[in-house]
Amino acid sequence: MSARTYHPAAIALQAVLALANETEREVAGRLGLNLTDYRALSALSRSGPMTVGNLAVKLGATAATTTAIVNRLQTRGYAERLRGGGDRRHVHVSATAAASRDIMHLMRPLMDATNRHIESLPAAQQDAVAGFLHTAQRLMQDHLHTLTPKDTA
């Protein structure tokens, strides 16, 4: 029985994902956050304001755990609670401008270098890179759905 060989691009993508995880840990540490708190902050930064319950679902955590996370982020100045205008009982949590600024300060060099490299490629190669990344994103999302426990009720 022979071992499966994978295309170099598939192997490189796995290496990029591993480096992304390492980068995420390093950025969290630089911000003075643990990885779980950083992931919560990232979810807030990407999605915008949401309830603690919705954030808990995104994190796969309990509401109580997520409340503690939000409290720590708020203490660091990285999250804020926003009360609803009509119903003050509705509270949403959002990332602060300081959080966005501090994350971008750490990520901008990589984003700028990546952008410069892609823009240096011929248009057809830029389109191929973008197409590959969009497809990889969709495949990863599909795979994630196969790994996520389904509600059997």
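Residues numbered from 1 in each chain as written. Predicted model: local features only at pLDDT ≥ 70, side-chain atom pairs only at ≥ 80, totals over all residues. Heavy atoms only, no water.

### A short note on the overall build of the protein
- A tally of helices and strands in the protein yields six helices and two strands.
- Helices (α) and strands (β) of the protein occur, in sequence order from the N terminus, as α-α-α-α-β-β-α-α.
- For the protein, whose C-alpha radius of gyration is 19 Å, the value lies well above the compact-globule estimate of 15 Å for 153 residues.
- For the protein, the C-alpha atoms occupy an extent of roughly 55 × 45 × 30 Å along the three principal directions. (Helix = DSSP H or I, 4+ residues; strand = E, 2+ residues; numbered from the N terminus. Rg over C-alpha atoms; globule rule 2.2 N^0.38 Å.)

### Side note on helix α2 (residues 35-47)
- For α2, with 13 residues, the first-to-last C-alpha span of 18 Å sits near the 18 Å given by 1.5 Å per residue.
- Here α2 has its buried residues at D37, Y38, A40, L41, S42, A43 and L44.
- Where the residues of α2 are buried, they touch α1 (8-30), α3 (52-59), α4 (63-75), β1 (79-83), β2 (91-95) and α5 (97-120).
- The backbone nitrogen of T36 lies 3.0 Å from a side-chain oxygen of the residue at the head of α2, namely N34.
- Two residues or fewer after α2 comes G48, characterised by a positive phi angle close to 85°. (Expected span 1.5 Å × (residues − 1). Buried < 20%, exposed > 50% of the residue type's maximum accessible area, 1.4 Å probe, protein only. Contact = heavy atoms within 4.5 Å. Polar contact = N/O pair within 3.5 Å; in protein donor to acceptor, adjacent residues only side chain to side chain.)

### Considering the nonpolar core
- Grouped together as the largest cluster of nonpolar side chains are 22 residues, with contacts concentrated most on L41, L44 and L73.
- Of all elements in the fold, only α1, α2, α3, α4, β2 and α5 reach the threshold of two or more residues within this core.
- Once residues within four sequence positions are removed from consideration, L41 is found in contact with L33, L73, Y78, A95, A99 and I103. (Core = buried A, V, L, I, M, F, W, Y, C linked by side-chain atoms within 4.5 Å.)

### Brief notes about the packing of α1 against α2
- Taken N-terminus to C-terminus, the directions of α1 and α2 make an angle of 95°; their axes are 9 Å apart at the nearest point. It follows that α1 is roughly perpendicular to α2 by the angle criterion. On the side of α1, the interface is formed by E24, R25, V27 and A28, while α2 contributes L35, Y38 and R39.
- By residue class, the composition of the contact of α1 with α2 is four nonpolar, no polar and three charged. (Axes fitted to C-alpha atoms, helices over the stretch in contact; angles between N-to-C directions. Parallel < 35°, antiparallel > 145°, perpendicular 65-115°, else oblique. Nonpolar A, V, L, I, M, F, W, Y, C, P; charged D, E, K, R; others polar.)

### Re the packing of α2 against α4
- Between α2 and α4, the least distance of the axes is 10 Å, while the angle of their chain directions is 80°. Regarding the angle of α2 to α4, the classification is roughly perpendicular. Within the contact between the two elements, α2 uses T36, D37, A40, L41 and L44 and α4 uses I69, R72 and L73.
- Taken together, the residues that form the contact of α2 with α4 break down as five nonpolar, one polar and two charged.

Read these as layout, nothing more, since geometry by itself doesn't imply function.
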